[in-house]
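Chain by chain, the residues run as shown.
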Amino acid sequence: MSATPELIKINIDGRDIAVPRGTNVIEASRLLGIDVPHYCYHPKLPVVGNCRMCLVEMGLPAVDPATKTPVIDPATGRQKINWMPRPQIGCGTNAIPGLHIRTTTQMVKDARAGVMEFLLINHPLDCPICDQAGECKLQEQATSYGRGYSRYIEDKNVKPKRTQLGPRVMLDDERCILCSRCVRFSKEVAKDDVLGFIDRGSYSTLTCYPGKELANNYSLNTVDICPVGALTSTDFRFKMRVWFLKQTNSIDTESSVGANTVVWSREGQIYRITPRRNDEVNDTWMSDSGRDLYKQVRAENRLSSPAPLADLIAQAKALLASGGVALVASARSTVAEQYLAKKIADHLKIPADSRHVPAHLAKGDGLLISADRTPNTRGALVTGLIDTLPSEKLTQLAAGIDAGKIKTVLVINEDLSLHGLAPEQLARVDIIHIGTHASATSAAAKVVIPSHTVFEKNGTFINQQFRLQQFNAAVPGHVGTHNDATILSGLLAALGGHDFEGKSNAIWSRLTEETPELAGLAHGNIPETGHLIDAARFSHHAFPETEGLHYKPAK
Amino acid sequence: MLDFYFSLPLIVRLIIQGLAVIAVLFPLGAACSMAERKVAAWAQDRPGPNRARPWGLGRIPIIGPILGRFGIFNLMADGGKLLFKEDIVPGHVNKFYFVIAPIVAMTPALSTIAFVPFGAYLDGAGRVLPVMLADVDIGILGVFALASLGVYSLILAGWASNSKYPFLGAIRASAQLISYELSMTLAVVPVLLWINAPGTPGTLSLVRVVEFQSQSGFWGGAWFVFVMPLSAFIFLVALFAETNRQPFDMPESEADLVGGFHTEYGSYKWSLFFVAEYGHMIVGSALFILLFCGGWNPLPWLPLSTFVGWLAPLGAWTAHPLFVGILSICIFLGKVIFSIFFFMWVRWTLPRFRYDQVMRIGWQRLLPLSIANLIIYTIAIALLN
Amino acid sequence: MSVIKVPRKPLTFAERTYIPQIVSGMMTTLKHIVAKPLTVNYPEERPEIPAGYRGVPTLVRDPNGREKCVSCQLCEFVCPPKAIRITPGEIPADSPAAHVEKAPKEFEINMLRCIYCGLCQEVCPEEAIWLQNVFSVSGYERGEFINNKQKLYELGGTLPDAHYKWDKKKAAAEEAALHGQH
Ligand code: SF4
Ligand code: SF4
Ligand code: SF4
Ligand code: FES
């Protein structure tokens, strides 16, 4: 944040408010709880002012041109306001000292009703089959500000109804209100300038540049910001009405960016994931790939076991008793799980060189996917599970196995075969695998304890900015799986360690006591935008992340 | 045939008569229950029970459907059901009295019929002789005496059931029956005073009452309902109360007492109470007909003998005692049936009284009224004579 | 609030005897006793179902045989006892109704839950769901009471259509294509 911006006083609907200079009228009104309807304006996109829905009346205090003294209205005894004879767009009007705005006058109402009527002239009114119904700005504002009936009796325009803009985005041109949000997003945010309008007047049509398609990994954000149902997601299309869906705050686990998300589910089934606004992390965007992750909940290769958890823990305990244990924990686990893994390692007296957290690295896209493709590497550092940055290859573990030093490996949510271990090496040791999906490791494991995905549990991740962020369970756990914290605390108790009884608040309070960075943080009470923790202790690490949205690597 | 009958020893005849009473009154009571359901249905614009069609009987052409339409098979099915249903005796009851109560209910209901003449025939001399089981002099007194025993069954049932609803029902029953018995008896006294003119041998016989209504002349042929309308009215009201009929069915009142005194009863025992109630109704109706509506005389001022005399041109057989007997019984039964219909008609019209209203009507209205009625008629009769 | 005393007319002597009232009541009863029954002998005689009767909810087709429901799920939303369960689906591109885009893949109404309120019919923007004249629902198992899509269309049959809005839309699109618009 730069220095505190200069606050100036403006007046909206007779109420004074101090706002930073340059705030536009829509945002200023929002602060007062006044709704200025709009379509094309989006807080994270450039203002173009082409929908005209946000018209308001604007005035400035009168000043005598000759003497430069304020003109006093004799009727009220206050400075006279010179109202502009015609309405102005709110999105394009920025706060200047003494700005006066009226949003409730007849002129404003007529302007809104007029804009609504024009927008609806060629609208197909196919709400019954439109996926946007229920979250459609056109529906909402037509009921709030429209005139309620149409005077248009001529034939409506016919435009293409089912255009595939890209692999994941479908366009219905009849519904498009030409707000250009999608065009601006592609150009300004995704930097993939493929959308544009062709033809003129009421024949204007949104289209892709010939020979190109809207295929970038952020294309589904256009669906989110499209105020109407013109752009729909092929994945979510015709699946479920939005009003049936329960919204749960979650975190994108794709990378250490930790984009904030909302998981939409109904009766234990997830239907879609959309971004949640967090101006410090992901603004209002997220990647397309992150939206697909919910499919892992009901994936074919999901692990599940009918055995009672106590039996599985007893088997694991028996294997761990034989000594020569190595731990492979995960940067995909939550902070509490990593803490429990550390506790288990401490309890089993696993030496530091036998505690591993494999890294998952790939090139970042400079936006919302970073080079570290795990959500919680910082968590492993903060909890003390590891004290050096993880590496991709588990060479030390491989050597230990080859040397016969390691006989048992406790693997949490990782696949060893992806990190440089050969099948023969896996076969030589007893593997206890706590994980969600089948892999070469789970196939080789002696004991498999199926666990929960991020959508089925509560927890916290620490992202690349050292921001502690919380996510909640959207759906109940898949049948035959167990909560990771329950498994790990059960294992810890079975091994003779402290018994947390699987209670997350007990784990959390112990964790915050033992971790200086988290000291004093109440359980389950982390702000929606996350909590930045002190990263001083870890500043010497050379983190792999490169610059992205709201992130600049420390030099 | 009649001669053969009269040649049998008395004891055999009595047994035959007793069985005949049971054989006639029992189905009659049951038929009343079906009639009740039918009348209820008609009053409510429904056809009523008309579905049961047993495999054999229901297939008989014409008759089968007609019987079915009238619910006769429903009646049979009901009877069969009540007969064969498991007879539960709840654990908390006093078994002996619990079992005996329905029997006590049936006995007076069946035995009172003995005092009721239900027809007449002309002997060779043209005298009218009654058809009845016991033409005893105490007549009406006997009926009253026996009928009032019926209350014991209610009290027994209520007490033996050993639970609150039957108990409350029994208490109500005893209070109500005693209250209305007074008015009822007092209402009949003027009739008996009337027929026992000074000089004639004193009698309480119901036959005599009918004879009195079959004389010639304006006063002689008039039914007592015209001569003493108030007495008739009081008697009728008291009769409703005595037979526990709506609007006086306090002892049962299913709305507040579940089923009153018979709450704990089921199957056959319960049906005995039911039949007893209808038995009382039949006898009560008969009594009313005899006392106030001319018994077996077809119409007011038209005695049976005159009527038979009119039929004489049709042939000699019209004077045969058997024909006359059957004719008179039919006339009498017809009147009784109408009277029973009247009971039901009232039942499906009037709502139940509140208990305090029942008591108030009995003691503060009906009793003074019947006493006044008695005094006036006594004075009137004294003056007339 | 002030107390208003409603004067009560004292009963006349005749009224106090109850007799006139009883007589008139008995006359009323008599009238009903002799009147024709209002009921019908049900399985053999069927009552005449009045127009607008709210019987079992059904799905209907328009006179051209197009299934009218577009699985908008408004009925599922509005249904007070949550009797309706819809799985939406997409109409394949080669279907004559492809321009409607959406149709239910499965549509279930649980008649053990339905309260025959008719809200589904009222809310339906496509006039696709109608409470018609089926009033007798019976079965031996719970499953038999769940009417699936096929059953619902069997029960519903075809109803006249006042709008043919989708047909008009298709015609407009074809017209536009003819004139060289999109
Ligand atoms: S498709 Fe949607 S976001 Fe794009 S211009 Fe049309 S209305 Fe606006
Ligand atoms: S409201 Fe009508 S169109 Fe919508 S799902 Fe129900 S039946 Fe189908
Ligand atoms: S009639 Fe009412 S309860 Fe039945 S399905 Fe329709 S909305 Fe639901
Ligand atoms: S929001 Fe201001 S013109 Fe569209």
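The model shown is predicted, which means the values in this text are computed figures rather than measured ones.

## Structural notes on the sheet that holds strand β18 (residues 430-435) of chain A
To summarise the sheet geometry, strands pair through backbone hydrogen bonds and adopt either a parallel or an antiparallel arrangement. Residues and elements named next belong to chain A. Within the open sheet, the five strands sit side by side as β16-β15-β17-β18-β19. Their pairing is parallel. The open sheet has two free edges, formed respectively by β16 (355-356) and β19 (447-450), since each of these has just one partner strand. Alignment of β18 against β19, held across four bridges, turns out to be parallel. Its bridge partner lying in β19, His433 is registered against Val448.

## A look at the site of ligand 1
The local shell around ligand 1 holds 14 residues, among which Cys176, Cys179, Ser180, Cys182 and Cys226 of chain A are the closest. Of the residues contributing to the shell around ligand 1, the split by class is twelve nonpolar, one polar and one charged.

## Quick notes on the site of ligand 3
Close contacts around ligand 3 come from Pro57, Cys79, Pro80, Pro81, Ile84, Cys114, Ile115, Tyr116, Cys117, Gly118, Cys120 and Leu131 of chain C, and that covers them all. Residue composition of the shell around ligand 3, grouped by class: eleven nonpolar, one polar and no charged.

## Concerning the packing of aromatic side chains
On inspection of all chains with the given rule, the structure shows 26 aromatic pairs over all chains. Judged by centre distance (5.8 Å) and plane angle (55°), the ring pair of Trp243 of chain A and Phe77 of chain C falls under tilted. Of this pair, Trp243 of chain A sits in the loop between β11 (231-233) and β12 (246-251) while Phe77 of chain C sits in helix α3 (residues 74-78), on two different chains. Note on Trp243 of chain A: relative accessible area 26%, which makes it partly exposed. Residue Phe77 of chain C is classed as partly exposed on the basis of its relative accessible area, which comes to 48%. On the numbers, 5.2 Å between centres and 75° between planes, the contact of Phe96 of chain B with Tyr97 of chain B is edge-to-face. According to the relative accessible area criterion, Phe96 of chain B is exposed, its value standing at 53%. Taking the relative accessible area as the measure of exposure, Tyr97 of chain B reaches 32% and is therefore partly exposed. An aromatic cluster of at least three residues, connected via ring pairs, comprises Phe240, Phe338, Phe341, Phe342, Phe343 and Trp345 of chain B. The ring centre of Trp83 of chain A lies 3.8 Å from the NZ or CZ of Arg102 of chain A, which sits over that ring.

## Section: the domain arrangement of chain B
All names here are of chain B. Partitioning chain B into structural domains gives domain 1 (2-47 + 87-384) and domain 2 (49-84). Counting residues at the interface gives eleven residues for domain 1, matched by ten residues for domain 2. Here domain 1 meets domain 2 over a buried area of about 890 Å², counting both sides, of which 69% is carbon and sulfur. When residues of domain 1 are sorted by the area they lose upon contact with domain 2, Met34, Arg37 and Lys38 head the list and together hold 50% of the total. Where domain 1 packs against domain 2, one counts one salt bridge. Across the pair Asp78 and Arg37 runs a salt bridge, and its minimum N-O distance is 2.5 Å. Viewed at the interface, domain 2 and domain 1 are joined by three residue pairs in polar contact (both at pLDDT 80 or more). Elements that contribute at least two residues to the side of domain 1 that touches domain 2 include exactly α2 (10-43) and α14 (267-292). Looking at the side of domain 1 that touches domain 2, its residues break down into six nonpolar, three polar and two charged.

## Structural notes on the pairing of strand β10 (residues 205-208) of chain A
All names here are of chain A. Note: strand β9 (residues 195-198) against β10, four bridges, orientation antiparallel. Bridge assignment links Gly196 to a residue of β10, and that residue is Thr207. Hairpin connection between β9 and β10: a loop of six residues separates the two successive antiparallel strands, and Asp199 in this loop has a positive phi of roughly 65°.

## Remarks on the packing of helix α5 (residues 95-111) of chain B against α14 of chain B
Geometrically, a packed helix pair is captured by the angle between its two axes and the distance between the axes. Residue and element names in this part refer to chain B. Contact geometry for α5 and α14: axes closest at 8 Å, N-to-C directions at 20°. Compared by their axis directions, α5 and α14 come out roughly parallel. Seen along the crossing, α5 lies across α14 with a hand that is left-handed. Here α5 contributes Phe98, Val99, Ala101, Pro102, Ala105, Met106 and Ala109 to the contact with α14, which in turn contributes Lys269, Leu272, Phe273, Val275, Ala276, Gly279, His280 and Val283. Grouping the constituent residues of the contact of α5 with α14 by class yields twelve nonpolar, two polar and one charged.

Procedures and definitions
Starting afresh in each chain, residues are numbered from 1 along the sequence in its written order. Written order decides the labels, with chains lettered from A and ligands numbered from 1. Residue-level local features of this predicted model are given only where pLDDT is at least 70; pairs of side-chain atoms are given and counted only at 80 or more, and the full residue set underlies all totals for whole chains, interfaces and linings. Excluding hydrogens and water, the side-chain values take into account all heavy atoms of the structure. At least two bridges found by DSSP between two strands are what make those strands a pair. The helix and strand labels rest on DSSP assignments: H or I over at least four residues marks a helix, E over at least two residues marks a strand, and numbering proceeds from the N terminus. Whether a residue is near a molecule or strand depends on its heavy atoms: if one lies within 4 Å, it is near. Gly is put with the polar residues, along with every residue not named as nonpolar or charged; the nonpolar set is Ala, Val, Leu, Ile, Met, Phe, Trp, Tyr, Cys and Pro, and the charged set is Asp, Glu, Lys and Arg. Working definition: a ring pair exists when centres of Phe, Tyr or Trp rings (six-membered ring for Trp) sit within 6.5 Å. Plane angles under 30 degrees give stacked, over 60 give edge-to-face, the rest tilted. The buried label goes to any residue with under 20% of its type's maximum accessible area, the exposed label to any with over 50%, and the partly exposed label to all in between, with areas taken from a 1.4 Å probe on protein chains only. For a Lys NZ or an Arg CZ to count as sitting over a ring, it must be within 6 Å of the ring centre and within 35 degrees of the ring normal. The split of the chain into domains comes from an automatic or database domain assignment. Whether two residues are in contact is decided by their heavy atoms: any pair within 4.5 Å suffices. Buried area counts how much accessible surface, traced with a 1.4 Å probe, disappears from two parts once they are put together, with both parts' losses summed. By convention in these notes, a salt bridge is any Lys or Arg side-chain nitrogen within 4 Å of a carboxyl oxygen on Asp or Glu. Whenever two N or O atoms come within 3.5 Å, that pair is a polar contact, provided that in protein one can donate a hydrogen and the other can accept it, and provided that, for residues adjacent in sequence, both atoms are side-chain atoms. A fitted line through C-alpha atoms serves as each axis, taken over the contacting stretch for helices, and the angle formed by two N-to-C directions is quoted from 0 to 180°. Relative orientations are named as follows: roughly parallel for angles under 35 degrees, roughly antiparallel for angles over 145 degrees, roughly perpendicular for angles from 65 to 115 degrees, and oblique for any other angle. A crossing counts as left-handed when the near helix is turned anticlockwise from the far one by less than a right angle, and as right-handed when that turn is clockwise.

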